[in-house]
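For reference, the chains in residue letters:
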Amino acid sequence: MSGMDDAGIGRRALLGGLAATAGLGLASRAAFAFPTQPITFVVPYAPGSTDQFARAFGSEMEKILGKTMLVETRPGAGGTIGANYVAKSAKPDGHTLLFSTSAPLSVAPHQNQLPYAVSDLRPVARVGLGPNVMGARIGAPFNDVKSLVAYAKANPEKVTFGSAGTGGGTHLSGEAFALAADIKLTHVPFPGATPAVAATVGGTIDLALGFAQSIVPQAKGGRMVAIAQFGKTRAKILPDVPTFAESGVDLALSPLVGIWAPKATPDAVVQQLAAAIEKAATGPAVVAFAQSTMTEVEFAGPDVFGREIAEESAMMKPLLIKLGLAK
């Protein structure tokens, strides 16, 4: 009897241990349950193409994650106000994310003393690659990159290019081209891409830089010439516009758009978000946005996106110093 009692006690102890282990497993899964509430994309710019992009992704991710997706704009200071909010004020649980261009992490840290560090935000996914395009006025003494470089070398600072403002992405892209081609251009800042393009169409300036949706329709209408695109390879939506690299200038600078989380966000949550974002990238709302805005949608996971940001930052630092725009 004693042996049987001991055996019964042993079985009960074993079953109790298994139950406790199962309970711990359930508790662990519960602790990392995600999502448990609506997810907010913080867009650090005034309403425009970036928040429209975020809303397109949000509508697809609602279907995948089963939770409401919200978009909140927190504009100002070149995107750093919104970036700082996510880095410093958002709970690191995956429910508040930064949806932004890369500028607050690759450009702004070289320009100003910021209240956040780049390491305070962890990459979740890259979702967009621009592309940026350089367009020339009709009647300019060049119609491709090779003839532009030759003319600019023979006429230093005579060629003018317009951008959406000093220190912005299109300005820096133009200066990066000049540096890579070893030429001198004259920058003309405008309050946005639209007036810069209008000035080029009107013949006031020689070149304008902007997203494809600003330049390509003008080129197709015979009012500008699409000189080159800034990506590493030709964007699928711009198969007939060469890259700078194809045109003999060693330059690849795609505008990156992506999603970040606070640095302490658990790995499991980041992985789940990345998987949902990758699936959303092929959803009908995102595809429709890409087609209407000529945006190149392309997913990259946290590791690849993190490397791209580091590479862009390394490229921007010496350029900003050269331009006198670094802190």
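Residues numbered from 1 in each chain as written. Predicted model: local features only at pLDDT ≥ 70, side-chain atom pairs only at ≥ 80, totals over all residues. Heavy atoms only, no water.

Here we look at the overall build of the protein chain
Looking only at helices and strands, one finds twelve helices and eleven strands in the protein chain. Computed over the C-alpha atoms, the radius of gyration of the protein chain is 25 Å, more than 25% above the 20 Å expected from 2.2 N^0.38 for a compact globule of 327 residues. Summarising its shape, the C-alpha atoms of the protein chain cover approximately 105 × 40 × 35 Å along the three principal directions. Taking all 327 residues of the protein chain together, 47% fall into the buried category. Across the protein chain, every contact between residues at least 6 apart in sequence was considered, and the portion connecting residues at least 24 apart equals 78%. By element, 57% of the accessible surface of the protein chain is carried by carbon and sulfur atoms, the whole surface being about 15,000 Å². Mean positive and mean negative side-chain charge positions of the protein chain (27 and 24 charges, respectively) differ by 2 Å. (Helix = DSSP H or I, 4+ residues; strand = E, 2+ residues; numbered from the N terminus. Rg over C-alpha atoms; globule rule 2.2 N^0.38 Å. Buried < 20%, exposed > 50% of the residue type's maximum accessible area, 1.4 Å probe, protein only. Contact = heavy atoms within 4.5 Å. Areas by Shrake-Rupley, 256 points an atom, 1.4 Å probe, with all protein chains shown as cover. Lys, Arg positive; Asp, Glu negative; His and termini not counted. Charge placed at Lys NZ, Arg CZ, Asp CG, Glu CD.)

Observations concerning the side chain of His187
Locating His187 in the fold gives a position in strand S7 (residues 186-189). For His187, a relative accessible area of 18% corresponds to the buried category. Within the local environment of His187, its side chain forms a polar contact with the side chain of Ser163, the two groups lying 2.6 Å apart. Of the polar contacts made by the side chain of His187, one reaches the side chain of His171; its length is 3.5 Å. Every residue in contact with His187, bar those within four places of it in the chain, is listed here: Phe161, Ser163, Gly165, Thr166, His171 and Glu175. (Polar contact = N/O pair within 3.5 Å; in protein donor to acceptor, adjacent residues only side chain to side chain.)

Considerations on the sheet that holds strand S6 (residues 160-163)
The strand order across the open sheet formed by five strands is S7-S6-S8-S5-S9, and the pairing between neighbours is mixed. On the outer flanks of this sheet lie S7 and strand S9 (224-229), each paired with one strand and no other. Within this sheet the neighbouring strands show an average axis-to-axis angle of 30 degrees, counted without direction. Pairing of strand S5 (residues 132-137) with S9, which is carried by five bridges, proceeds in the antiparallel orientation. Note on S9: the bridge partner recorded for Met134 is Ala228. (Pairing = 2+ DSSP bridges. Axes fitted to C-alpha atoms, helices over the stretch in contact; angles between N-to-C directions.)

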